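What follows is each chain in one-letter form.
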Amino acid sequence: MEVMALTRLIHHVQRVALGARTTFADGELVVSTDEAEGIMAHPALASVRLTWVSPGESARIVKVLDAVEPRTKGPGGAGIFPGFVGPARTQGEGETHVLRGAAVVAAGFLPRAQEALVDLSGPAAALSPLGATHNLVVEFTPAPDAGWEHVDAALRAGSLRLAARLAEAALDAEPDEIEELPSPSPIRGDRPRIGAVTNLQTQGLFKDVFVYGRSFGSSLPTLLDPGELDDGAVVSGQFGHPALKNPTYMHQNHPVVNELRRRHGHDLDFAGLVICPEPVNQAAKELVSAFAAKVCAAAGFDAALVTKEGGGNADADMALKMDALADLGIEAVGLYAEMAGIDGTGPSIVVAPEKATAMVSTGNYDHRLQLPTMDRALGGDEFALVHAPATSAFEVPTAVVYCALSPLGWGRVTARAG
Amino acid sequence: MANIVHYINQFFAGVGGEDSAGSGPTLVMGPVGPGRRLAELLGPEHEIVATVWCGDDVASGIVPAIIDLIRSVDVDGGVGSDVDGGVGGGVDLVAAGPAFTSGRYGLACARVAAAAHDAGWLAVASMHEDNPGLDEAGATPVVASGEVARRMAPSLDRLAGAVTKLLRHEPLTAADGRIGKLARLTVMADARAAERAVDLALVRLAGDHTATEIPLPRFDQVTPAAPVEDLTTAMVALVTEGGLVPDDNPGALESARATRWLRYPIGNLDALMAGEWRSIHGGFSTAYANDDPHRILPLDVGRQLVADGAVGSLFAEYFVTTGNGTSVANARRFGIEWAADLRHSGARAAILTAT
Amino acid sequence: MLLCNLISIAERVGAPRIVPTRGIPYPTGDPSLTPEAEKAWRRRLLDRALEALATTVHQPTVFEVPEEARA
């Protein structure tokens, strides 16, 4: 049985500009500054500044917060980003317009957000998905008396509305590509049934992930239709570990889900997607892990690709979950970034599974990169990690490069014994 | 011709056994003890220009002094030529051991080789795989020796082979007897991680139960300390990796990937007031800790324990770092420094809170 | 001795004496309690920690705080 749930209408963004009107034609996205500022306006924000930066430029974005791919399902969003832009109603069907090659990127100081950077050229550009996108950077000045949690919420809601509005400009354009996306098959066939288990780092303010507009922190694992990811049901408010975070952009383009879709009906059957919170205590981690394994068993998984978000304590969620899956006879493969030290000789995983030992490496968190000077920087004047001007040359651990060790499997960086 | 400096301990230098284990580092020109056989094995193309020996009790703690001695060969010795045949070069390679299973000697060999590597020389150590010093070599190569000194001859054969190969600028592999950690090197894979993960799942489902990109990590064996005999007279220290610091973070403790630890006085305090202390840890939501710092550092109850006579006293400072993406090498160093400092200060136990 | 919540990690890295706590962000606290009850819980944690320190162990050993009926 082949269920076609969602169609992505892909518009490739090749050129960008700011202008008087928001338009999309012949691959050029023009954004009205006035309109965009109006969309971002919020009592918690005194002002916002909008700037495009494009691949290949001598430019750096620091203090990178969330990133969103422009998408819409119709005028006014028509249900996109449910719980934020649209009402909290289930999505994942019909057609969704995608401005591929563009992103709305909030950048600036938030307390407890770990310093993160994106380079648009040089060696770090290839390590981040945003190194290859035209980025509409939203810088901001908080209102004088605004609480930081309101600033955070205003940026999130505004960025999502702005992303929906940009995609709306392409509603009448002929798509460059049309992607018919299969839904996971509930029927067992001849092929192995492989699914995704995606942990979301849900640890409270500034370290939270939202599903249908609500914090997922106190929830139990659940099946989610992959099309719901495409329509923005999962939104990130999580600003820890830049290289190990999963911004909204990555949930919209979930690499493991896309790979399972690509191979569905060929060498495997896509069995489903289970999302799980990463709670902050051992007992809850054990409950969530056991529960996730039961959901996977009920959905008929033969194997699960388990992904994490965050640093060391998220490894505990991984280990517990992979072993819980193994206990139910489900083969688990974990995607792990390694924390092997600068010279690569440290124990690379904080806590490894005991039974389910299949792991894919997304690279060494501590590996050092030499970054060159840039002509301009957005998001701030200083790169806080090294207290240097944001445009200067410095050495950084891969850990600070946005999504460079993507737990969702975006990158090609890996580590090997040598 | 290549110039080699050989590091050995006091015993193999022929100076003495345990009675001489406290001797400081000494430089001798030319090969000494096992170095003579090593020089023969290396042949005329290579020369052991000097030997540095040091007592086992002190060597691992004074590695910089040992390196300085080797450097003095480099500068003053001015012996011969460098690998490329030019005149006036200095030391090309530092070889340490074989240390067999001797723990102190192995630790010294590993640290000397690692420091020599950091100083820019080629370096290799030789010891048995079970030597507890092995991990200290870091990414510097170590080749296997026999278990005991009776296995000197084959151990030197292997060390000589490793030296020769390193001087040809070829990497050592398991075939050369290389043991210990192999560094995890960052490379670009042909396919994205998501695609490789699906491939790995299919390989596993097809019956391969061991395939993986990451071997299971090997952690240190920790030997538990003996219990404290009488806590009612003991000084107890409070320490934490929870990133709790004075509100303005005067020591600039990092919120992640800490490279340092700090100490702050609490001897005159009975409690930690909200607003005066703050956790800068980047790995968890710190609102709870900032509302009541005792959730990270239990000073209030610590004072109760002293008042009730359950412990003798509290150490007058607490130690703090941030355990968030902190490398094991740094964390191990913090632990060693904390333990040494506390022991020196007379503390008998430490209560470590971890987030 | 070690007070922490993630005892699976603590055991794996070989910490000899471990007392489990109630949450990652508050090893010696429990924000769900009143201040008085929280301090009492902290005292019980530390009492257990002292018992651990006075006990011979040969491998990673978890010293649970005995559960009490909550008021």
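What this report covers is the structure whose coordinates are included nearby.

**Topic: the side chain of Arg43(C)**
- With respect to the helices and strands, the residue Arg43(C) is situated in helix α2 (residues 35-53).
- Residue Arg43(C) is classed as buried on the basis of its relative accessible area of 19%.
- For Arg43(C), the side chain forms a polar contact with the side chain of Gln304(B), separated by 3.0 Å.
- Ignoring sequence-local partners within four residues, the contact set of Arg43(C) consists of Val301(B), Gln304(B), Leu305(B) and Asp308(B).

**Description of the interface of chain A and chain C**
- Listed as interface residues are 12 residues of chain A and, on the opposing side, 10 residues of chain C.
- Together chain A and chain C conceal approximately 890 Å² of surface at their shared face, both sides included; 60% is due to carbon and sulfur atoms.
- By the criterion of area lost to chain C, the three top residues of chain A are Val280(A), Gln282(A) and Val351(A), representing 49% of everything that side buries.
- Put simply, chain A and chain C have 0 salt bridges between them.
- Along the contact surface separating chain A from chain C lie 3 residue pairs in polar contact (both at pLDDT 80 or more).
- Only α6 (282-298) and α7 (312-327) of chain A provide two or more residues apiece to the side of chain A that touches chain C.
- At 3 residues, α7(A) tops the list of elements feeding residues into the side of chain A that touches chain C.
- Each residue belonging to the side of chain A that touches chain C can be placed in one class, and the counts come to 6 nonpolar, 4 polar and 2 charged.

**Looking at helix α1 (residues 33-40) of chain A**
Residues and elements named next belong to chain A.
- Those residues of α1 not exposed but buried are Ala36, Ile39 and Met40. All buried residues of α1 lie within an arc of 95° about the axis, which places them on one face of the element.
- Taken together, the buried residues of α1 touch β4 (28-32), β5 (45-53), β12 (134-142) and α2 (148-168).

**Some points on the sheet that holds β12(A)**
All names here are of chain A.
- Pairing is mixed in the open sheet, where 4 strands are placed in the order β5-β12-β10-β7. Each having just a single partner strand, β5 and β7 (64-68) make up the two edges of the open sheet. If you compare each strand with its neighbour and ignore which way they point, the axes differ by 25° on average.
- As paired strands, strand β10 (residues 102-107) and β12 are joined by 5 bridges and run parallel to one another. Pairing of alanine 102 across the sheet is with histidine 134, part of β12.
- Sitting on the sheet, α1 is in contact with β5 and β12, with an inclination near 135° to β5.

**Thoughts on unusual backbone geometry**
- For the bond running from Gly97(B) to Pro98(B), omega is 10°, close enough to zero to count as cis.
- In this fold, Pro98(B) is placed in the loop between β4 (93-96) and α4 (103-118).
- We note that Lys63(A) has phi near 50°; this positive angle belongs to a residue other than glycine.
- Positive phi outside glycine occurs at Ala78(A), with the angle close to 50°.
- If you trace the backbone, Ala78(A) turns up in the loop between β8 (71-72) and β9 (94-100).
- Residue classification places Ala78(A) among the partly exposed positions, given a relative accessible area of 42%.

**Overview of the interface of chain A and chain B**
- Counting from both sides, the interface comprises 63 residues of chain A and, opposite them, 47 residues of chain B.
- Where chain A touches chain B, the interface holds 4 salt bridges.
- Its salt-bridge partner being Arg262(A), residue Glu195(B) comes within 3.9 Å of it at the nearest N-O pair.
- At the junction of chain A and chain B, the tally comes to 25 residue pairs in polar contact (both at pLDDT 80 or more).
- Secondary structure elements with two or more residues in the side of chain A that touches chain B: α5 (255-263), β20 (303-307), β21 (331-338), β22 (358-364) and β28 (413-417) of chain A.
- The residue inventory of the side of chain A that touches chain B, partitioned by class, reads 33 nonpolar, 17 polar and 13 charged.
- Inspection of the sheet shows β28(A) paired to strand β8 (residues 184-188) of chain B by 5 bridges, in the antiparallel sense. Within the sheet, the bridge partner assigned to Ala417(A) lies in β8(B) and is Arg184(B).

Cut-off values and rules
Residues numbered from 1 in each chain as written. Chains lettered and ligands numbered in written order. Predicted model: local features only at pLDDT ≥ 70, side-chain atom pairs only at ≥ 80, totals over all residues. Heavy atoms only, no water. Helix = DSSP H or I, 4+ residues; strand = E, 2+ residues; numbered from the N terminus. Buried < 20%, exposed > 50% of the residue type's maximum accessible area, 1.4 Å probe, protein only. Polar contact = N/O pair within 3.5 Å; in protein donor to acceptor, adjacent residues only side chain to side chain. Contact = heavy atoms within 4.5 Å. Buried area = accessible area lost by both parts, 1.4 Å probe. Salt bridge = Lys/Arg side-chain N within 4 Å of Asp/Glu carboxyl O. Nonpolar A, V, L, I, M, F, W, Y, C, P; charged D, E, K, R; others polar. Arc of directions from axis to C-beta. Pairing = 2+ DSSP bridges. Axes fitted to C-alpha atoms, helices over the stretch in contact; angles between N-to-C directions.

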